[in-house]
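Here's the letter readout for the chains.
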Amino acid sequence: MDAQMKELIRLTVVTALFALTSILSGCQRTLQFHFTVSGHHMLNNGQPFFWLGDTSWLLVKRSPKDVQHYMANRRSKSFTVIQMMMVRVHHHAPTDLLGQPMNNYAGDSPFTSLDPVTLNEAYWRHVDFIVEKARKHGLTMALATMWGQDAGSLFPNPLKNNYEYGKLLGQRYQYRDNVIWLVTGEYEKINENWQADKQAEAYAVFSTEDVSHPGVDYLIHRSHPVYIGGSLRGVEPPSYYD
């Protein structure tokens, strides 16, 4: 894996995880979602949580009426999680749109400025609406900050601007009790492993290297010292059930 690809992944991780900083700092309240010590079971307020997710990456392009209908429908089918992309970049579009963030259903762009990063309130009020409608239907939102491959190209100054973007999301959604952050992305030819600089990552994400911070403690003492990436090929076709 080349340095650029590693940087893209790190940028995405920093952006997504920094959104948790405001929640974790001080750790004065119990985290809504967490894992058991074994790391194999997810809990919600101390109770087992079954993740039955429906993927609606472009839900921001649906109108409020459509969103309400969608949430009620998914709840009636016993889904527990809705997976959504907060910002999606044009990958297949006319040349003048390639690499630009997609607008929402009303034509609002996510940003009024990319450097420094400034959120467009019209766009993000609709995201707020989606998160709140999910909560009222007993659904958790699994939010991807953006697609991983775009982390190094969307903003003019990726390190600085991804940090700003993640911080703004953390401030905006820190008190939402039905939000889980996703790190997502697709990369080609990731077939190496490398040892991360955990201290640098801790400072970039949590603004501290102090292990009394629960996020830093997890990163330094519990996360694996080696990061691995690679392709996956199924050994047999998957089975489908109606």
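In what follows, the accompanying structure is described. Keep in mind that what you see is a predicted model, and the values were worked out from it rather than measured. (Residues numbered from 1 in each chain as written. Predicted model: local features only at pLDDT ≥ 70, side-chain atom pairs only at ≥ 80, totals over all residues. Heavy atoms only, no water.)

## Thoughts on the overall build of the protein chain
Looking only at helices and strands, the protein chain has 7 helices and 11 strands in total. Counting all 242 residues of the protein chain, 41% fall into the buried class. Restricting to contacts in the protein chain with at least 6 residues of sequence separation, those with at least 24 account for 72%. Surface accessibility of the protein chain: about 13800 Å² in total, with carbon and sulfur atoms responsible for 52%. (Helix = DSSP H or I, 4+ residues; strand = E, 2+ residues; numbered from the N terminus. Buried < 20%, exposed > 50% of the residue type's maximum accessible area, 1.4 Å probe, protein only. Contact = heavy atoms within 4.5 Å. Areas by Shrake-Rupley, 256 points an atom, 1.4 Å probe, with all protein chains shown as cover.)

## Here's the deal with the sheet that holds strand β2 (residues 42-44)
The strands making up a sheet are joined through hydrogen bonds of the backbone, oriented either antiparallel or parallel. Here we have 3 strands laid out as an open sheet, ordered β1-β2-β3, and antiparallel in their pairing. The open sheet is flanked by β1 (33-35) and β3 (47-48), the only strands paired with a single partner. (Pairing = 2+ DSSP bridges.)

## Things to note about the side chain of Asn 120
With respect to the secondary-structure elements, Asn 120 resides in the loop between β7 (117-119) and α4 (121-136). In this structure the side chain of Asn 120 is engaged in a polar contact, spanning 2.9 Å, whose partner is the backbone oxygen of Ser 109. When sequence neighbours within four positions are dropped, the list of residues in contact with Asn 120 reads Asp 108, Ser 109, Pro 110, Phe 111 and Thr 112. (Polar contact = N/O pair within 3.5 Å; in protein donor to acceptor, adjacent residues only side chain to side chain.)

## Quick look at the nonpolar core
Considering soluble globular proteins, one finds that nonpolar side chains tend to be buried as a cluster. Met 71, Met 86, Trp 124, Val 127, Met 141 and Tyr 165 are the most contacted members of the largest nonpolar core, which totals 32 residues. Looking at this core, the elements with two or more residues in it are α3 (64-76), β5 (81-85), β7, α4, β8 (140-144), α5 (158-173) and β9 (179-182). Per element, the largest residue contribution to this core is 6 residues, and it comes from α4. Those residues in contact with Val 127 that lie beyond four places of it in its chain are Val 60, Met 84, Met 86 and Tyr 173. In terms of nonpolar packing, the next biggest core, distinct from the first, is built from 10 residues, Val 81, Met 85, Ala 144 and Ile 180 among them. (Core = buried A, V, L, I, M, F, W, Y, C linked by side-chain atoms within 4.5 Å.)

## Brief notes about the sheet that holds β8
If you trace the 4 strands from one edge of the open sheet to the other, you get β4-β5-β8-β9, paired in parallel fashion. Of all the strands in the sheet, just β4 (53-55) and β9 have a single pairing partner and so form its edges. Across this sheet, the average inter-strand angle for adjacent strands is 25°, counted without regard to direction. Across 3 bridges, β4 lies against β5 in parallel orientation. Pairing of Asp 54 across the sheet is with Ile 82, part of β5. Contacts between α4 and the sheet are confined to β5, β8 and β9, with β8 contributing the most and set at about 145° to the helix. (Axes fitted to C-alpha atoms, helices over the stretch in contact; angles between N-to-C directions.)

## Focus on the pairing of β5
Side-chain positions along a regular strand alternate between the two faces of the sheet. Across the 5 residues of β5, 5 count as buried, placing the element largely inside the fold. Of the two faces of β5, both are covered, the one formed by Val 81, Gln 83 and Met 85 as well as the one formed by Ile 82 and Met 84. Between the parallel pair β4 and β5, the chain is carried across by α3, and the sense of this crossover is right-handed. Where β5 lies against β8, 5 bridges are found, and the strand directions are parallel. Counterpart to Val 81 in the pairing with β8 is Thr 140. (Right-handed = clockwise from strand over helix to strand, strands pointing away.)

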